[in-house]
Amino acid sequence: MNKFSGYVDLGTHKGRLSLIGSDALDLLDRLTTNRISDLTSMGMGMGAVLTTNKGRIIDLLGIHVEEKGLMVVTSGNATEKVSDWIDFYTIMEDVQIKNVSDQTFHFRVIGTSPEIEVLPDTTGMKPFHGVQTELAGVPSLAISLQVGNLSCIDLIGSVVSGDSVQSKLDEYLKEIRIDEYNHFRIDAGEPAYGSELTEEFNPLEAGLLPYISFNKGCYIGQEVVARLNTYDKVQRKLVKFKWDSVDYELSGKVIEDEDRVVGVMTSSLNGLGMGFVRKAKAEEGNVMICDGVKITVADILAD
Amino acid sequence: MTTTTSQPLTITISEDAAVHVKQFAVAEGKPEADLRVGVKGGGCSGLTYILDITDDGPGDNDKIIEEYGVRLFVDKKSYIFLAGTVLEYSGGLNGKGFVFNNPNAKTTCGCGTSFSV
């Protein structure tokens, strides 16, 4: 993967929900794949997949404990869907959910280094864990993340002060455009909503194993996900592809091998792509055809 | 012309289930207690049944159903998912205990404790 550093404005690319109430943690534990009940103190965080009762992906969430409740980071286009899903399953629980996407800024600093003294030191901090910090005098939640092999920090705070934070970041870092970021995330094997994160696929196919607890007990979709894992029934795997020409846009095109359809390309930009292929075909170096273009498996993203 | 009258969907409890509710209430030292019936989000299929012996009395938003000497408290949102349900009891060595025969359930999970609508 390229050496890459800078920051990207994820304000609209991601969504943010505030969940407050004494049952918020327990409810999310019952709705998602990871052991959310372990988030017992402020600053702790965790990635978790929201799945349908058929074990298909709704969205990959970042769940973070704040002073007043939980901050749930969604994919931008999934925010309403996630909010409605949580709201539907809030029956007797003490949970209030609010979409705060428009009221919050969200920057991601990619390729953090200790030399950037305005950022908190997240060395040794677990992914998704966070710390309250101040940037340009603006209170922000700084979340430690790993995207591919690069350390990142997400900064979230009140949109009223977003410009001050951005100006401070500009002093130290280059702003990365969303299309550049998209290329980076494909290279890093980071799945995206609407591409890899859809109800077409399950979390095991999409390489989301790190966000699944197999001994936490029931959650929506658990029976299907557990069965797929226990009996090794995963049929497809997410892989990264490379091809020579940067001109071809292959998203949504079928992938063929020896004239048989073996998968589908789900993301593509400048000669890089991600797609799901039959498990037997998911081997590094395998060459296949997509829309007449010769493509090569560069990495297996779902083990 | 024939006219049909539709019965409002409600939640009922079988006589056998009511007997067992009373036995559990006595065993918990609450012989005058009632039964809270509800659902919550979660479980493999999406919604999980709740049964709880309670001596807290009904809540403001509860529907109260009384049958065979047992009062059932059902909050209004749970009621939407449970309307038409018959709460039965399956005893014996192979019995499942309390069973929800819920006409709204499209699918149930393997262990039968959760359902989808």
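Just so we're clear, the structure is a prediction, and the values are computed from it rather than from any experiment.

Reading the values: the criteria
Residues numbered from 1 in each chain as written. Chains lettered and ligands numbered in written order. Predicted model: local features only at pLDDT ≥ 70, side-chain atom pairs only at ≥ 80, totals over all residues. Helix = DSSP H or I, 4+ residues; strand = E, 2+ residues; numbered from the N terminus. Buried ≥ 20, exposed ≤ 12 C-beta atoms within 10 Å, placed from the backbone. Contact = placed C-beta atoms within 7 Å. pLDDT = per-residue confidence, 0-100. Core = buried A, V, L, I, M, F, W, Y, C linked by C-beta atoms within 7 Å. Nonpolar A, V, L, I, M, F, W, Y, C, P; charged D, E, K, R; others polar. Domains from an automatic or database assignment.

**Structural notes on the overall build of chain A**
Thought 1: Regarding its fold elements, chain A presents five helices and 16 strands.
Thought 2: The dimensions of chain A, computed from C-alpha atoms along their principal axes, are 60 × 50 × 30 Å.
Thought 3: Going through the 303 residues of chain A one by one, you find that 47% of them count as buried.
Thought 4: Long-range pairs, those at least 24 residues apart, make up 66% of the contacts in chain A between residues at least 6 apart in sequence.

**Focus on the confidence of the model for chain B**
Thought 1: Per-residue pLDDT for chain B has a mean of 88; in total, 93% of the residues score no lower than 70.
Thought 2: Model confidence for the complex is summarised by a pTM of 0.90, with the ipTM given as 0.78.

**Description of the nonpolar core**
Residue and element names in this part refer to chain A.
Thought 1: Of all hydrophobic cores here, the largest spans 108 residues; its most connected members are I63, L70 and V109.
Thought 2: Take this core: its biggest share by element is six residues, from strand β4 (residues 57-65).
Thought 3: Contact partners of V109, with chain neighbours within four places excluded, come to Y7, L119, C152, I153, L155 and L173.

**Overview of unusual backbone geometry**
Thought 1: Phi at D259(A) takes a positive value of approximately 65°, unusual for a residue other than glycine.
Thought 2: Residue position: D259(A) is located in the loop between β12 (254-257) and β13 (260-269).
Thought 3: A count of 6 C-beta atoms within 10 Å places D259(A) in the exposed class.
Thought 4: One non-glycine residue with positive phi stands out, namely Y68(B), at about 50°.
Thought 5: Turning to its location among the elements, Y68(B) is positioned in the loop between β4 (62-67) and β5 (70-75).

**Some details on the environment of T74(A)**
All names here are of chain A.
Thought 1: If you trace the backbone, T74 turns up in strand β5 (residues 70-75).
Thought 2: Overall, T74 belongs to the buried group, with 24 C-beta atoms counted inside 10 Å.
Thought 3: Sequence separation between T74 and E93 is 19 residues; the distance between their C-alpha atoms is 22 Å.
Thought 4: Once residues lying within four places of it in the same chain are set aside, the contact partners of T74 are K14, G15, L17, D59, L61, T79 and V82.

**Some points on the interface of chain A and chain B**
Thought 1: Taken together, the contacts link 15 residues of chain A with 16 residues of chain B.
Thought 2: When residues of the side of chain A that touches chain B are traced back to their parent elements, those giving at least two are α1 (24-31) and α5 (222-230) of chain A.
Thought 3: In terms of residues, the side of chain A that touches chain B owes the most to one element, α1(A), which gives three residues.
Thought 4: For the side of chain A that touches chain B, the per-class residue count stands at eight nonpolar, four polar and three charged.

**Thoughts on the environment of Y79(B)**
Residue and element names in this part refer to chain B.
Thought 1: Position of Y79 among the secondary structure elements: in helix α2 (residues 76-82).
Thought 2: C-beta crowding within 10 Å serves as the criterion here: with 20 such atoms nearby, Y79 is assigned to the buried category.
Thought 3: Between the C-alpha atom of Y79 and that of G38, which follows or precedes it by 41 residues, the distance is 7.3 Å.
Thought 4: Contact partners of Y79, with chain neighbours within four places excluded, come to K63 and V74.

**Here we look at the domain arrangement of chain A**
All names here are of chain A.
Thought 1: Under the domain assignment, chain A is made up of domain 1 (6-188) and domain 2 (235-303).
Thought 2: Spacing between the C-alpha centres of domain 1 and domain 2 amounts to 30 Å.
Thought 3: At the interface, four residues of domain 1 touch six residues of domain 2.
Thought 4: A breakdown of the residues in the side of domain 1 that touches domain 2 according to their chemical character gives one nonpolar, two polar and one charged.

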